[in-house]
Amino acid sequence: MTLNRRSFMGSGAAATLIAPRVFADGHGKSRVVVVGGGAGGATAARYIAKDSKGEIDVTLIEPTRHYYTCFFSNLYIGGFKDMAALGHSYGTLASGGVNVVHDWAVGVDRDAKTVSLAGGGVVAYDKLILSPGIDFVDGTVDGWDLSAQNAMPHAYKGGSQMEVLKSQIASMPQGGTFAMVAPPNPYRCPPGPYERVSMVAHYLRANNPTAKIIVADPKPKFSKQGLFEEGWADHYAGMIDWIGEDFGGSSVSVDPGAMTVTIDGEVTKVDACNVIPAMKAGRIAELAGVTDGNWAPVNAADMSSKMDADIHVLGDACAQGDMPKSGFSANSQAKVCANAVRGALTGSKVFPAKFSNTCWSLIDANNGVKVGATYEATDEKIAKVDGFISQTGESSDLRRATYEESEGWYAGITADMFG
Ligand SMILES: Cc1cc2nc3c(=O)[nH]c(=O)nc-3n(C[C@H](O)[C@H](O)[C@H](O)COP(=O)(O)OP(=O)(O)OC[C@H]3O[C@@H](n4cnc5c(N)ncnc54)[C@H](O)[C@@H]3O)c2cc1C
């Protein structure tokens, strides 16, 4: 039996629901398949396995054996973390009842309700959760494609790309130039590029103090702009040149062979170049037919796809409303989704959807800033309820406390994801 949540939601998204049970169609236990073992997928898989206490078969499909978080990866660039500290394995998830399959999902048959794997396997589901993160939109930075990612790394997925970027920064000649091509909205982690600029500056100030940083940005403004600009002026004076849309930041091409960046017709030779192209939902969402344009639209109450009630899409890949694309958001959405999926499959109680997010950024040692909000599900979208943001001119004690809060968050969220 296929259950469409909209048909039994009664008084709306905020109602507490006792969902009818979906019986496993003659195949024993209900089956949930999760594609992508990142902030959204690992959390959803873990919560469904843990809370259903063996009533639901949970399979997680994830190609990598270690997940390297993008969150805190800028701190690796700045020298505050090593790569090992960012890596997490799936062993505890597996011993907690999740069947972890290290493979790529390469197709979804929505009629047969199966996921096909690159290794040739086929996995059946009653409910499918997709949390594949992002891929890049081809052709958005003239001269750059994925074949150039080692010459001009995006470093916008965790792991090896971060190592390439860091080694390029470390190899810059004294007085050399680092360039970033920043992405257009919407993209994962709105403050991420600007925290990265801060961390590159932090590294260069200590190791290459006459080096320069150029940021070509297609946007007229960016997340926490006042806080970053204050921090750059106070800590990295004269080092960072941000070129926004008004000054030609949206007219950019690169030549990875020649290591040049052309901004509004002016060619600059660079020594390291971080190209962060426009983003879209991870390809498997498109293959599953649940995208509309670049992202996958979902119902806010349970993160189900607007195209298929038995597919849920989490995290960066979905178009859900007001939440930024962040690890905190993906983790928060995963818990709402896990609760709804378990309710639909076992009849357990479903709680009203509530979401929250905070994005911290490190500007310099012990100088942390944050922006965050709480959200609720409406019929239309995940809607912002209220928010907060760090202020310019804060005391060093408060900035240190904000950084310490982010350290606590990192430990908490990774334990929540991986057990
Ligand atoms: C530099 C940087 C800094 C950031 N800082 C923060 C921060 O401070 N706070 C914060 O909250 N967020 C931060 N983020 C954002 C955060 O990393 C993402 O928003 C979050 O990881 C999204 O979770 P997700 O589950 O959607 O995707 P991901 O965590 O990327 O997980 C996707 C997973 O799916 C797998 N996958 C993809 N396709 C397939 C397939 N076909 N088959 C099987 N598996 C597949 C991938 O291998 C991956 O493991 C940062 C991001 C960057 C780049």
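The protein appears in an unreviewed UniProt entry as Sulfide dehydrogenase [flavocytochrome c] flavoprotein chain from Roseobacter fucihabitans.

So, about the sheet that holds strand E2 (residues 30–35). For sheets, the rule is that strands pair by backbone hydrogen bonds, running either parallel or antiparallel. Across the sheet, which stays open at both edges, the 5 strands sit in the order E6-E3-E2-E10-E21 with parallel pairing between neighbours. Either end of the sheet is taken by a strand with one partner, and the two such strands are strand E6 (98–101) and strand E21 (311–313). When strand polarity is set aside, the average angle formed by the axes of neighbouring strands in this sheet is 20 degrees. In terms of strand pairing, E2 meets strand E10 (residues 127–130) through 4 bridges, oriented parallel.

Before going further, it helps to examine the packing of helix H1 (residues 39–52) against helix H9 (residues 327–346). At a minimum axis separation of 8 Å, H1 and H9 run at an interaxial angle of 35 degrees. Relative to H9, the crossing made by H1 is right-handed. The segment H1 lies against H9, with Ala 39, Gly 40, Thr 43, Ala 44, Tyr 47, Ile 48, Asp 51 and Ser 52 engaging Gly 327, Ala 330, Asn 331, Ala 334, Lys 335, Ala 338, Val 341 and Arg 342. Taken together, the residues of the contact of H1 with H9 sort by class into 8 nonpolar, 5 polar and 3 charged.

We now examine the site of the ligand. Taken together, 34 residues lie near the ligand, and Glu 62, Tyr 67, Ser 131, Arg 188 and Asp 316 sit nearest. Between the ligand and the protein, one listed contact pairs an oxygen atom with a side-chain N or O atom of Asp 316 at 2.8 Å. With respect to the ligand, the backbone of Ser 326 contributes an N or O atom lying 3.4 Å from an oxygen atom. Relative to its unbound accessible surface of 990 Å², the ligand loses 94% to contact with the protein.

Moving on, we come to H9. Counted at 1.5 Å a residue, the expected span for H9 with its 20 residues is 28 Å, and the 28 Å between its end C-alpha atoms agrees. Of all 20 residues making up H9, 19 are buried, and the element is well covered by its neighbours. Among the residues of H9, the N-terminal cap falls to Ser 326, whose side-chain oxygen and the backbone nitrogen of Phe 328 are separated by 3.4 Å. Positive phi shows up at Gly 347, right after H9, with a value of about 80 degrees.

Below, the discussion takes up the UniProt feature "domain: FAD/NAD(P)-binding" (unreviewed entry) in the protein. If you check UniProt for "domain: FAD/NAD(P)-binding" (unreviewed entry), the listed places come out as residues 31–135 in our numbering. For residues 31–135, the helix share is 28%, the strand share is 37%, and the end-to-end C-alpha distance is 27 Å.

Counted by the stated rule, this structure contains 16 aromatic pairs. On the numbers, 6.4 Å between centres and 55 degrees between planes, the contact of Phe 72 with Trp 409 is tilted. Linking Phe 72 in the loop between strand E4 (66–68) and helix H2 (73–78) with Trp 409 in helix H10 (residues 396–418), this pair joins segments that are 337 residues apart in sequence. Residues Phe 72 and Trp 409 agree in their burial class; the two are buried. The interplanar angle of 75 degrees and the centroid separation of 5.5 Å between the aromatic rings of Tyr 90 and Phe 418 together place this pair among those described as edge-to-face. Taken together, the residues Tyr 90 in the loop between strand E5 (87–89) and helix H4 (91–95) and Phe 418 in helix H10 connect sequence positions 328 residues apart. For Phe 418, a relative accessible area of 4% gives the class buried.

Let us look at the layout of surface pockets. Each pocket or cavity is described by its volume, and for the second largest pocket that value is around 600 Å³. Lining the second largest pocket are 28 residues, with Pro 190, Asp 322, Met 323, Pro 324 and Lys 325 positioned closest to its centre. Among the secondary structure elements, those contributing two or more residues to the lining of the second largest pocket are strand E22 (318–319), strand E24 (354–364), strand E25 (367–377) and strand E26 (382–389). Looking at the lining of the second largest pocket, the element that brings in the most residues is E25, giving 4 residues. The class makeup of the residues in the lining of the second largest pocket is 16 nonpolar, 7 polar and 5 charged.

Below, the discussion takes up empty space enclosed by the protein. A full pass over the atoms with the stated rule returns 2 cavities of 30 Å³ or more. Counted as a void, the second largest cavity has a volume near 50 Å³.

Burial along strand E16 (residues 260–263) is two-sided: the face carrying Thr 260 and Thr 262 and the face carrying Val 261 and Ile 263 are both buried. Pairing of strand E15 (residues 252–255) with E16 involves 4 bridges; the strand directions are antiparallel. Along E16, the bridge assignment pairs Val 254 with Val 261. Remark: 4 residues form the turn of the hairpin made by E15 and E16, two consecutive strands paired antiparallel; Met 259 in that turn has positive phi of roughly 55 degrees. Sheet topology note: the E16/strand E17 (residues 266–269) ladder contains 4 bridges and is antiparallel. In the strand pairing of E17, Thr 262 is matched with Val 267.

About the cut-offs
- Residues numbered from 1 in each chain as written.
- Predicted model: local features only at pLDDT ≥ 70, side-chain atom pairs only at ≥ 80, totals over all residues.
- Heavy atoms only, no water.
- Pairing = 2+ DSSP bridges.
- Helix = DSSP H or I, 4+ residues; strand = E, 2+ residues; numbered from the N terminus.
- Axes fitted to C-alpha atoms, helices over the stretch in contact; angles between N-to-C directions.
- Left-handed = near helix turned anticlockwise from the far one by under 90°.
- Contact = heavy atoms within 4.5 Å.
- Nonpolar A, V, L, I, M, F, W, Y, C, P; charged D, E, K, R; others polar.
- Near = heavy atom within 4 Å.
- Polar contact = N/O pair within 3.5 Å; in protein donor to acceptor, adjacent residues only side chain to side chain.
- Areas by Shrake-Rupley, 256 points an atom, 1.4 Å probe, with all protein chains shown as cover.
- Expected span 1.5 Å × (residues − 1).
- Buried < 20%, exposed > 50% of the residue type's maximum accessible area, 1.4 Å probe, protein only.
- UniProt positions renumbered as here; feature names shortened; annotations may be inferred.
- Phe/Tyr/Trp six-rings, centres within 6.5 Å; stacked < 30°, edge-to-face > 60°.
- 1 Å grid on protein atoms, 1.4 Å probe; cavity = no way out; pocket = protein on both sides within 12 Å on 5 of 7 lines; lining within 4 Å.
- Points joined across faces, edges and corners; volume = space filled by probe spheres on them.

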